[in-house]
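Read off the chains here:
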Amino acid sequence: MKSVFRSPHSLQSFKLLLANTAVNQVFLALTGGFLQARMLPCDTVLALLPVGPCRYFGPTTCFVTYNIANALNMNAAISVLHSMFFRYRLIRATQMSNARVRTNLLITAAVPLFLAISPHVVPFHFNIVMEVAMREHPEYNLEKYGPFGGFYPTTSPIFIINSAILYATAVALPLVIFYWRHHILKALNSSHTVFTEKTRHNSRLLLKVSIENGGAHSASSDAALMLCACWLSVLHSTIHRI
């Protein structure tokens, strides 16, 4: 006899995941609007050119805000993946407990926390960033941005590691999302279990929202630009010197 699965009335664990995603996205939107940074790679420098209100608070504030935004973006993306995995477990009638969800969120928050903190453990070289950016790009009126900061050198281990993490997230996120999409749809269409129409509708709706959410976070990542532009600039400078 086929079993009938109905969505429980109270999904506290799922609400926790949705709340975590929403909080990260709200703060990400606030930091993005506050910063509104342009990125300018040149030689071994990546300049951050803020056009938002953040620039009135100095280059250090803009630099910190940028790194926090990267961490929030990654944490929100991971939370979307958690939501999809939770929904899959729910469909398979193996719901995760609140304690398990909290533990997973705490563990996966370690990498975003590293992204937010690690760039600040080394001395800032904003004066070098400004000097190199203005020298390498005299065609731009960079003085209109006021004092600005950025990353120097882009060959440092911390910059490379953080950029690689962001790049890997941007590339892997869509792949993992479509992987879970396949398994969720497969579970919904399985002939071994009969779902209510409400469960099918809610699952497909949440799946659609999760895919759009994950795609937005993948597209908003600056990792590809940070890696490709900076390393192409370094390579060009090296060849030019040779």
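The rules behind each value
- Residues numbered from 1 in each chain as written.
- Predicted model: local features only at pLDDT ≥ 70, side-chain atom pairs only at ≥ 80, totals over all residues.
- Heavy atoms only, no water.
- Axes fitted to C-alpha atoms, helices over the stretch in contact; angles between N-to-C directions.
- Helix = DSSP H or I, 4+ residues; strand = E, 2+ residues; numbered from the N terminus.
- Parallel < 35°, antiparallel > 145°, perpendicular 65-115°, else oblique.
- Left-handed = near helix turned anticlockwise from the far one by under 90°.
- Contact = heavy atoms within 4.5 Å.
- Nonpolar A, V, L, I, M, F, W, Y, C, P; charged D, E, K, R; others polar.
- Buried < 20%, exposed > 50% of the residue type's maximum accessible area, 1.4 Å probe, protein only.
- Arc of directions from axis to C-beta.
- 1 Å grid on protein atoms, 1.4 Å probe; cavity = no way out; pocket = protein on both sides within 12 Å on 5 of 7 lines; lining within 4 Å.
- Points joined across faces, edges and corners; volume = space filled by probe spheres on them.

## What to know about the packing of helix α4 (residues 110-117) against helix α6 (residues 157-188)
- Across the interface, α4 lies against α6 with an axial gap of 10 Å and an inter-helix angle of 135 degrees. One way to sum up the angle between α4 and α6 is to call them oblique. Considering the relative orientation of α4 and α6, their crossing is left-handed. Touching V111, F114 and L115 of α4 are I161, N162, I165 and L166, all from α6.
- A per-class count over the contact of α4 with α6 returns 6 nonpolar, 1 polar and no charged.

## Considering helix α3 (residues 98-108)
- Turning to α3, its buried residues are V101, N104 and L105. Relative to the axis of α3, the buried residues are bounded by an arc of 100 degrees and lie together on one face. In α3, the exposed positions angled more than 90 degrees off the buried face are occupied by L106 and I107.

## Some details on the layout of surface pockets
- Estimated volume of the largest pocket: approximately 280 Å³.
- As for the largest pocket, its lining consists of 21 residues, of which P119, V122, F151, S156 and F159 are closest to the centre.
- Those elements that provide at least two residues to the lining of the largest pocket are α2 (59-91), β4 (149-151) and α6.
- In terms of residue count, α6 provides more of the lining of the largest pocket than any other element does, 5 residues in total.
- Partitioning the lining of the largest pocket into residue classes produces 15 nonpolar, 6 polar and no charged.

## Describing the environment of Y88
- Looking at where Y88 falls in the secondary structure, it is placed in helix α2.
- When the C-alpha atoms of Y88 and L185 are compared, they prove to be 9.1 Å apart, with 97 residues separating the residues in sequence.
- In contact with Y88, other than residues within four places in its own chain, are W180, H183, I184 and A187.

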